[in-house]
Amino acid sequence: MPPDDAPPTASGADVAPIQAALLDDPLAFLSAEHARQTALLGHLERVAREPQARAARGIAVVLLRWLTRELPLHVADEERSLYPRLAAFDEAGVLDELREEHRRDRRLIADIASGLRRIARGGVPEPGFAEAAREFVAGHRKHLAHEETVLTPLARRWLGPEAMAALAAEMVARRQQQP
Ligand SMILES: [Fe+2]
Ligand SMILES: [Fe+2]
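So, here is what we can say about the structure in this document. (Residues numbered from 1 in each chain as written. Chains lettered and ligands numbered in written order. Predicted model: local features only at pLDDT ≥ 70, side-chain atom pairs only at ≥ 80, totals over all residues. Heavy atoms only, no water.)

## A closer look at the coordination of the iron ion (ligand 2)
With distances of 2.1 to 2.3 Å, the protein atoms coordinating the iron ion (ligand 2) are Glu-78 (OE), His-102 (NE2), His-143 (NE2) and Glu-147 (OE). Geometry at the iron ion (ligand 2) is irregular, judged from its four donor atoms and the angles of 85 to 170 degrees they form at the metal. Along the chain, the residues that donate to the iron ion (ligand 2) are spaced as E-x23-H-x40-H-x3-E. Separating the iron ion (ligand 2) and the iron ion (ligand 1) is a distance of 3.2 Å, and Glu-78 donates to both of them. Placement of His-102 in helix 3 (residues 94-120) and of Glu-147 in helix 4 (residues 129-158) is noted, with a sequence separation of 45 residues between them. In terms of burial, His-102 and Glu-147 fall into one category: buried. (Donors = N, O, S within 2.8 Å, 3.2 Å for Na, K, Ca; no water. Tetrahedral: all angles 85-135°; square planar, octahedral: opposite > 155°, others 65-115°. Helix = DSSP H or I, 4+ residues; strand = E, 2+ residues; numbered from the N terminus. Buried < 20%, exposed > 50% of the residue type's maximum accessible area, 1.4 Å probe, protein only.)

Right, here's the structure in full:
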């Protein structure tokens, strides 16, 4: 196990880049991203607790990339490609709950990103940073559990090979459009 303040570099298997091959099974790809997000939440928790720690600057850079570039892509995969394909089977209204959780995340990320930019430059985050980060960590952990326990089984049950292939194609196209 790396020490608590070790930066989440490519050397850590928990945050290694996710391979495009996983798009062969888009639901497994999204679940692998959830596992990586769980590791990144742990890093965010530590940065919120000790923004002046030696490794905090490097971790802040990784967290910024996740929150401002990678997570929006993941949310687009879900809101634009996955949720619409499950709408007809969502009797419990879970998709609306998940969209609301995404909206709450977006509001908190705006505050957190500002603090992370300051930390990445070697500065001190705003006074509300730690609280916003803790709220995001707690809320996003619940969101991940919500998706893994309700959304993924729903998708496994209802999406056939054609829907899975179309989902994967859209996710690949979304990544190819990235600058
Ligand atoms: Fe997700
Ligand atoms: Fe989500």
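## Let's talk about the coordination of the iron ion (ligand 1)
All of the protein donors around the iron ion (ligand 1) are His-34 (NE2), His-74 (NE2), Glu-78 (OE) and Glu-147 (OE); their distances to the metal are 1.9 to 2.2 Å. Classification of the site at the iron ion (ligand 1) as irregular follows from its four donor atoms and the range of 85 to 178 degrees in their angles at the metal. Read in sequence order, the donor residues coordinating the iron ion (ligand 1) give the pattern H-x39-H-x3-E-x68-E.

## Describing the nonpolar core
Counting residues in hydrophobic clusters, the biggest one holds 29 residues, and the most contacted among them are Leu-44, Ile-112, Leu-116, Phe-129 and Phe-136. The dominant element in this core, judged by the number of residues it contributes, is helix 2 (residues 56-86), at 10 residues. If you look at the next biggest cluster of nonpolar residues, it comprises 16 residues, including Phe-29, Leu-95, Leu-151 and Met-164. (Core = buried A, V, L, I, M, F, W, Y, C linked by side-chain atoms within 4.5 Å.)

## Here's the deal with the packing of helix 2 against helix 3
The interhelical angle for the contact between helix 2 and helix 3, taken along N-to-C directions, is 160 degrees, at an axis separation of 10 Å. One element, helix 2, and the other, helix 3, form an angle in the roughly antiparallel class. Two packed elements cross with a definite hand, and for helix 2 against helix 3 that hand is left-handed. Of the residues belonging to the contact of helix 2 with helix 3, the class tally is 18 nonpolar, two polar and six charged. (Axes fitted to C-alpha atoms, helices over the stretch in contact; angles between N-to-C directions. Parallel < 35°, antiparallel > 145°, perpendicular 65-115°, else oblique. Left-handed = near helix turned anticlockwise from the far one by under 90°. Nonpolar A, V, L, I, M, F, W, Y, C, P; charged D, E, K, R; others polar.)

## Details of the packing of aromatic side chains
According to the stated counting rule, one finds two aromatic pairs in the structure shown. With a centroid separation of 6.2 Å and an interplanar angle of 65 degrees, the aromatic rings of Trp-66 and Phe-136 are classed as edge-to-face. With Trp-66 in helix 2 and Phe-136 in helix 4, this pair connects stretches of sequence that are 70 residues apart. Here the two residues Trp-66 and Phe-136 agree in accessibility, since each one is buried. Between Phe-89 and Trp-158, the aromatic rings sit 4.4 Å apart at their centres with planes inclined by 5 degrees, giving stacked as the arrangement. Of this pair, Phe-89 sits in the loop between helix 2 and helix 3 while Trp-158 sits in helix 4, and the two are 69 residues apart along the sequence. For Phe-89, a relative accessible area of 28% puts it in the partly exposed group. (Phe/Tyr/Trp six-rings, centres within 6.5 Å; stacked < 30°, edge-to-face > 60°.)

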